[in-house]
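Listed below are the residues making up each chain.
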Amino acid sequence: MPKSVRITIDLLKVGHYVSSLDLSWLDTPFLTHRFHIRSMEDIHKLRNAGVLSLFIDPERSTVDKLHEETSSQNQILVSPENTSIDCQEVLPDRIIRSVGEIHRHMVVLFKKFFREARNNDVMIDMSPIKFAMDRVIEVSLNYPEALLLISSLQEEDDEIYFHSVNTMFLAFYLAWKLDKSFDETVIWGLSGLLHDIGKVRIDPYVLHKPGALQPHEWEIIRNHPQWGADIIRRQTSLPPIVSRVAMEHHCRMDDTGYPDHLLFESTEALSKIISVLDIYDALTSDRSYRKGHPLPKALKILVEMSQGKIDPYWVATFIHAVGVYPIGSILEIDEGEVGVVVERTSPGEPDSIGDTFRLAILRDKNKFPTRKAEFRSFSWNPSRKAPVSSSYNHAEWGVDWEIVSDVFQSLTRRKTSC
Ligand SMILES: [Fe+2]
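Here is what the cut-offs are and how they apply
Residues numbered from 1 in each chain as written. Predicted model: local features only at pLDDT ≥ 70, side-chain atom pairs only at ≥ 80, totals over all residues. Heavy atoms only, no water. Donors = N, O, S within 2.8 Å, 3.2 Å for Na, K, Ca; no water. Tetrahedral: all angles 85-135°; square planar, octahedral: opposite > 155°, others 65-115°. Buried < 20%, exposed > 50% of the residue type's maximum accessible area, 1.4 Å probe, protein only. Phe/Tyr/Trp six-rings, centres within 6.5 Å; stacked < 30°, edge-to-face > 60°. Helix = DSSP H or I, 4+ residues; strand = E, 2+ residues; numbered from the N terminus. Lys NZ or Arg CZ within 6 Å of the ring centre and 35° of its normal.

- Going by what an unreviewed UniProt entry lists, the protein is known as HDIG domain-containing protein and is assigned to Leptospirillum ferriphilum.

**Thoughts on the coordination of the iron ion**
- Protein coordination at the iron ion comes from D196 (OD), H224 (NE2), H249 (NE2) and H250 (NE2), with a distance range of 2.1 to 2.3 Å.
- Taken together, the four donor atoms coordinating the iron ion and their angles of 87 to 176° define a geometry best described as irregular.
- When the donor residues of the iron ion are listed from N- to C-terminus, their spacing reads D-x27-H-x24-H-H. Considered together, H249 and H250 belong to a single accessibility category, that of buried residues.

**Looking at the packing of aromatic side chains**
- Tallying each qualifying case throughout the model produces 10 aromatic pairs.
- With a centroid separation of 6.0 Å and 10° between ring planes, the pair formed by F110 and F113 is classed as stacked. Taken as a pair, F110 and F113 lie in helix α3 (residues 95-117) at a separation of three residues, close to a single helical turn. Here F110 matches F113 in class, with each residue buried.
- Judged by centre distance (6.2 Å) and plane angle (75°), the rings of F110 and Y161 are edge-to-face. Of this pair, F110 sits in helix α3 while Y161 sits in helix α6 (residues 159-177), and the two are 51 residues apart along the sequence. In this structure, F110 and Y161 share a single accessibility class: buried.
- Among the aromatic residues, those joined into a ring-pair cluster are F110, F113, F114 and Y161.
- For the cation-ring pair, R135 lies above F131, with the distance from its terminal atom to the ring centre recorded as 4.3 Å.
- The positively charged end of K272 is found above the aromatic ring belonging to F264, 5.0 Å away from the centroid.

Spelled out as structure tokens, the structure:
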């Protein structure tokens, strides 16, 4: 029996399991595109949303003689390669590449969004971005750690676009760790993606200037929160919270942030969260004029900033979510080997500190590349320091991320088969 079958809306019955719609989820009254049809009202809702045909999963449907019913001329059999990316259908060994592909696709979409935002008179079509976000959430549902690994990868080009998409991935990951609803997760992701959209109005010379900025250039930069909020409010139909985050993401507890008129106590919790993620990604990312900090060092800097600049509660929550040695960290252990963190298990209790992480060894004691994958597990807690002597920016050891992806895949494959 085929895994996905396309049928016309006329053939849809109570008991069918819908596996995909041709419309963006924002254009339908359903929060996801994977659900059972429970009543005639569900069918009416789909019709009213303009759905003409849809995919169903015969194996998960509970309609009698489904196969016979759907084998009429109205159905189109779909091979797995031709379906859209589907959490149910993606094999574990494709997770990393799928999330990576969506990341790249999202960067391309965001570039287009950026260009459209330059034209003040145009309402921006959000549907391609929302559709891609839907896929990110679905694909990463079983392996959210893939979001962390992908967001730790580096591209020196197009840093604004990568930074925006990375911030979105981090927001998704944190929302997942905190058990946020699907709707909230989407809002967190959109707020991360669009927090810097106001930079579209900054002269590229100022925006990409590698050296120190002149006072008058800083004044221009300080306008981007207000500009971003204006663009989101006037050129999209997104909820007001998204423009508030754009407005507030540089607000600081000690009044060193901007815009000047904002009070930190009055800002939204989501603005405080996106501030933390924004700074973390900026610290860990390579720039044309400097290399990014190692991930554990960036977390230390966040802790320092939480003493008066950014919200300490959300810094602690973020570190608890990603661990002291986040997935993607490049570490040298006391014995001299160098590896990348590919797996992490936290203790589970919300207030406990410390965790266990697994390192894929990439360089042996003599710093020669290892010939086959080797793993070492370490525990960390405040009373027993992990045997880590240094952490690095990934460029320092020329990490081959293709190999890291393969390692990650083998771990996810093993987990699935357990
Ligand atoms: Fe910003």
